[in-house]
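Observations on chain architecture
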Amino acid sequence: MKLKEQVKQFLFEEERPFNSCHASTVIALPNGDLLVSYFAGTKEGNPDVAIWCSKRTDGVWSQPYLVADEEGLVHWNPVLFRKNDGQIVLHYKVGHPIPEWYTRVTVSNDDGVTWSEPVDLVPGDVGGRGPVKNKLIVLQDGTWLAPASIEGEVWDCFADISYDQGVTWTRSELVPTNHGTENDGTMQLVRGKGLIQPTLWESKPGQVHMLMRSTSGFIYRSDSLDSGKTWSPAYRTYLPNNNSGIDLARMDDGTLVLAYNPVGMYRGPRMPLLLSISRDNGEYWEELVVMEAEYRSYTIPIEPGEYSYPAVIAEGNHIYVTYTWKRERIVCWSLEVETETAL
């Protein structure tokens, strides 16, 4: 795969209506415009943190505008999705602390200009249903599958399943995970709290896979043969992970595109940020582009930046990636590639 074009843009300038922003999500509109959402406020976890959007029209980004700000509630992790009929769905979390957050949903029928009154995704939910950070996918049979996780005493992943286009949701089984102290002979050990924030793809009808953020120094994987209802025991990939978010998209030719920090250290630096590809359904990966990296010399010390929480989508031969830039701004990369036949 070769890059034909790559453009890096900040969504907004240094002057902005908030101090900090994080956890972006992106969708492409039929006319080529992009819509990005993120949470922003004084600092992650503060009561003034709300959900904001920016829109790119003809290559130019709008000023940030407020989408959801429910008084007294901390807002987290927006996730955008566009239905076939054009309606845009926005899921996000509210509440504090994280183990007690729950999911709200609002919709837009005018490409993100105005939004409906938000409602609970699953009435009575505590812990977070629906997509927790990364986008939901639509399986070949029309089923919606949302990558979900819970963050209690231990961290676990699952998929939330909707057979009626998001009206009702059914939890899958948890991904079997060894939270013990050693390998038990059947499941690989996951050190620390566990696994969260999966990203999903379907390789063949009903065959679904997830990669997961971990506290164990590596990205973990699980596979499903029944459209996400049950999952294989979590197993370690060779890809490093610093307990920070990842995201993946599957291109039309089967190529997988993954954005992540290649740092195999628990709470390690959230830099550099890579975009890598796999042509064999995620077995092996090769670097496509380094999106962020700090220059370091022996004479000029630097303070590492944070380039994290990527969101990735693929539209034909175009790839779009958004991510957090030092908790101050959001970056969008637009890439055009020459694709090759997947293996």
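Since the model is a prediction, treat every value here as computed from it, not as a measurement. (Residues numbered from 1 in each chain as written. Predicted model: local features only at pLDDT ≥ 70, side-chain atom pairs only at ≥ 80, totals over all residues. Heavy atoms only, no water.)

Attention now moves to the overall build of the protein chain. Helix and strand content of the protein chain: zero helices and 25 strands. For 343 residues, the compact-globule estimate of 2.2 N^0.38 gives 20 Å, and the C-alpha radius of gyration of the protein chain, at 19 Å, lies within 12% of that figure. Referenced to the eigenvectors of the C-alpha coordinate spread, the extents of the protein chain come out at roughly 55 × 55 × 40 Å. When the 343 residues of the protein chain are sorted by exposure, 58% land in the buried category. Long-range contacts, defined here as pairs at least 24 residues apart, represent 49% of the contacts in the protein chain between residues at least 6 apart. Summing over all exposed atoms, the protein chain offers an accessible surface of approximately 14800 Å²; the carbon and sulfur share of this is 49%. (Helix = DSSP H or I, 4+ residues; strand = E, 2+ residues; numbered from the N terminus. Rg over C-alpha atoms; globule rule 2.2 N^0.38 Å. Buried < 20%, exposed > 50% of the residue type's maximum accessible area, 1.4 Å probe, protein only. Contact = heavy atoms within 4.5 Å. Areas by Shrake-Rupley, 256 points an atom, 1.4 Å probe, with all protein chains shown as cover.)

Time to look at the pairing of strand S8 (residues 88-94). Residues in a regular strand project their side chains so that they alternate between the two faces of the sheet. Among the seven residues that make up S8, seven are buried, leaving the element largely enclosed by the rest of the structure. The side-chain alternation of S8 yields two buried faces, one formed by Ile-88, Leu-90, Tyr-92 and Val-94 and the other by Val-89, His-91 and Lys-93. Judged from the six bridges that link them, strand S7 (residues 75-82) and S8 form a sheet pairing that is antiparallel. Bridging across to S8, Phe-81 finds its partner in Val-89. Connecting S7 to the antiparallel partner S8 that follows it, the hairpin turn spans five residues, and Gly-86 within it adopts a positive phi of roughly 95 degrees. Pairing of S8 with strand S9 (residues 102-108) involves seven bridges; the strand directions are antiparallel. Paired with His-91 across the strands is Val-105, a residue of S9. (Pairing = 2+ DSSP bridges.)

A word on the state of the cysteines. The full count for this structure, using the stated rule, is zero disulfides. Between Cys-53, a free cysteine, and Cys-21, which holds the nearest cysteine sulfur, the sulfur-to-sulfur gap is 13 Å. (Disulfide = S-S within 2.5 Å.)

Core analysis: the largest hydrophobic core is formed by 22 residues, its most contacted members being Leu-275, Met-291, Ile-319, Val-321, Tyr-323 and Trp-333. At the level of secondary structure, the elements contributing two or more residues to this core comprise strand S20 (256-260), strand S21 (273-278), strand S22 (286-292), strand S23 (307-315), strand S24 (318-325) and strand S25 (329-338). Every residue in contact with Ile-319, bar those within four places of it in the chain, is listed here: Met-251, Val-257, Leu-275, Leu-288, Val-312, Ile-313, Trp-333, Ser-334, Leu-335 and Val-337. Phe-18, Val-26, Leu-34 and Trp-61 belong to the second largest nonpolar core, which has 18 residues in total. (Core = buried A, V, L, I, M, F, W, Y, C linked by side-chain atoms within 4.5 Å.)

The subject of this paragraph is the packing of aromatic side chains. Evaluated as defined, the whole model comprises 10 aromatic pairs. Between Phe-12 and Phe-18, the ring centres sit 5.4 Å apart and the planes meet at 85 degrees, which makes this aromatic pair edge-to-face. The exposure class of Phe-12 is buried, given its relative accessible area of 4%. Each ring, one from Trp-144 and one from Trp-169, has its centre 6.4 Å from the other, and the planes form 55 degrees; the classification is tilted. Here the residue Trp-144 occupies a position in strand S12 (residues 144-151), and Trp-169 occupies one in the loop between strand S13 (155-162) and strand S14 (170-171), the gap between them amounting to 25 residues. (Phe/Tyr/Trp six-rings, centres within 6.5 Å; stacked < 30°, edge-to-face > 60°.)

Turning next to the environment of Ile-27. Inspection of the secondary structure assignment puts Ile-27 in strand S2 (residues 20-28). A relative accessible area of 6% means that Ile-27 is categorised as buried. Remark: the alpha-carbon pair of Ile-27 and Pro-233, spanning 206 residues in sequence, is separated by 31 Å. Contact partners of Ile-27, with chain neighbours within four places excluded, come to Asp-33, Leu-34, Leu-35, Leu-80, Phe-81, Arg-82, Ile-88 and Ile-313.

Looking now at the sheet that holds S21. Ordered in space as S19-S20-S21-S22, the four strands form an open sheet in which the pairing is antiparallel. At either margin of the open sheet sits one strand with a lone partner, and together these are strand S19 (247-250) and S22. Neighbouring strand axes in the sheet, compared pairwise and without regard to direction, differ in orientation by 20 degrees on average. Direction of pairing for S20 relative to S21: antiparallel, over a ladder of five bridges. Directly across from Leu-256, in S21, lies its bridge partner Ser-278. (Axes fitted to C-alpha atoms, helices over the stretch in contact; angles between N-to-C directions.)

The subject of this paragraph is the pairing of S21. Of all six residues in S21, six are buried, a share of seventy percent or more. Residues Leu-273, Leu-275 and Ile-277 point to one face of S21 and Leu-274, Ser-276 and Ser-278 to the other, with burial holding for every one of them. The pairing of S21 with S22 spans five bridges and is antiparallel. In the sheet register, Ser-276 faces S22, and the bridge partner there is Glu-287.

Another point: the pattern of salt bridges. A complete count under the given rule lists 13 salt bridges for this structure. The closest approach of N and O atoms between Glu-13 and Arg-329, which form a salt bridge, is 3.8 Å. Of this pair, Glu-13 sits in the loop between strand S1 (2-10) and S2 while Arg-329 is found in strand S25, placing the two residues 316 residues apart along the sequence. You can call Glu-13 exposed: its relative accessible area is 56%. (Salt bridge = Lys/Arg side-chain N within 4 Å of Asp/Glu carboxyl O.)

Inspection of the secondary structure assignment puts Ser-108 in strand S9. Taking C-alpha positions, Ser-108 is 8.9 Å from Gly-86, a pair spaced 22 residues apart along the chain. Leave out the neighbours within four places in its chain, and Ser-108 touches Gly-86, Gln-87, Ile-88, Val-113, Thr-114 and Trp-115. A polar atom in the side chain of Ser-108 sits 2.8 Å from the backbone nitrogen of Gly-112. (Polar contact = N/O pair within 3.5 Å; in protein donor to acceptor, adjacent residues only side chain to side chain.)

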